[in-house]
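Inside the fold
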Amino acid sequence: MTFAPDSLVLNRKLPLWYQVSQSLRASILGRRPHESLRLPTESDLAEHYGVSVLTMRQALKELEEEGLISRHRRRGTFIEPTAQRGAPVRLLGSVDAIVAQQSGERTTLLGQAETGPVPGELAEFFPDTETVVSYRRLRADGGSGEPTNWAENAVRPELAARIDTADLERWPMTKVLRDVVGVRISRITDTVEARLADPETARLLRVPLLSPILHYTGVTYDEDGRVVDVARIHYRGDRFSFSVTVEAAR
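To keep things clear, this report deals only with the structure shown in the data block. Worth saying up front: this structure is predicted, and the values here are computed from it rather than measured.

Conventions adopted
- Residues numbered from 1 in each chain as written.
- Predicted model: local features only at pLDDT ≥ 70, side-chain atom pairs only at ≥ 80, totals over all residues.
- Heavy atoms only, no water.
- Helix = DSSP H or I, 4+ residues; strand = E, 2+ residues; numbered from the N terminus.
- Polar contact = N/O pair within 3.5 Å; in protein donor to acceptor, adjacent residues only side chain to side chain.
- Contact = heavy atoms within 4.5 Å.
- Salt bridge = Lys/Arg side-chain N within 4 Å of Asp/Glu carboxyl O.
- Buried < 20%, exposed > 50% of the residue type's maximum accessible area, 1.4 Å probe, protein only.

1. Re the environment of Ser43
Turning to its location among the elements, Ser43 is positioned in helix H2 (residues 42-49). For the pair Ser43 and Leu54, spaced 11 residues apart in sequence, the C-alpha to C-alpha distance is 9.5 Å. Side-chain polar atoms of Ser43 contact the side chain of Thr41, separated by 3.2 Å.

Here is the structure:
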């Protein structure tokens, strides 16, 4: 399991034990399948987070009362197998609606496109390729210039070879793949969930560490059913809301 970096707690306005418990909670709920359910010892966790053992103990007590972990004398602390995220909210709509949602903002590329192994958390989406090309972009309000979200895209290498990065400063990836590269998109699966801002997100979006953000995952499929792009977008929680209209059958 991946835990937040050492000395994560920076917000002096909130109790240390609460901030640690929320960070650890996010790690527990975001763990990968088949990871060990056993947590490090209290002292190891306290050292990792840069807090006292007493503070760590209080944070663990909070998680135990929530039913996320169980603590056993001499055996250790374990994640409850039933601990899992709530059911994700899935939104249905047209590709054009998604393009419109992502348009209208000033976009800056964060470094160059990078080719690398498929990240473990995305392996299920790319079973037939060993590498993907990653793009990172920061979006800001067109008027004030205030950061609103930052995006990570993982794209198939053969498609990335036909992408002009200059286009990604003008248009969303969905539009570039469909209208420039020529991918025949069949569907996009959207999932939106609440998370806490990690250090990188807090820095890029200029928000306090551990403040609430909306985390969007968009999986784009072509007409052959292959995943061509996985977008992960981190939205400032104080700037966005999602509204869904459900039409009653008549």
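2. Some details on the environment of Thr131
Among the structural elements, Thr131 can be located in strand S6 (residues 131-140). In sequence terms Thr131 and Val118 are 13 residues apart; their C-alpha atoms lie 5.0 Å from each other. Each residue touching Thr131, except ones within four places of it in the same chain, is listed here: Thr115, Gly116, Pro117, Val118 and Pro157.

3. Some points on the pattern of salt bridges
Using the criterion set out here, one finds 14 salt bridges in the structure. Residues Arg25 and Glu66 are paired through a salt bridge, measuring 2.7 Å at the closest nitrogen-oxygen approach. Placement of the pair is Arg25 in helix H1 (residues 16-29) and Glu66 in helix H3 (residues 53-66), with a sequence separation of 41 residues. You can call Glu66 partly exposed: its relative accessible area is 38%. For the salt bridge of Glu158 with Arg226, the shortest nitrogen-to-oxygen distance reads 3.4 Å. Pair noted here: Glu158 is in helix H5 (residues 157-160) and Arg226 is in the loop between strand S9 (212-222) and strand S10 (227-236), with a separation of 68 residues, a long-range link. Among the charged side chains, a salt-bridge network with shared partners connects Glu42, Arg57 and Arg71.

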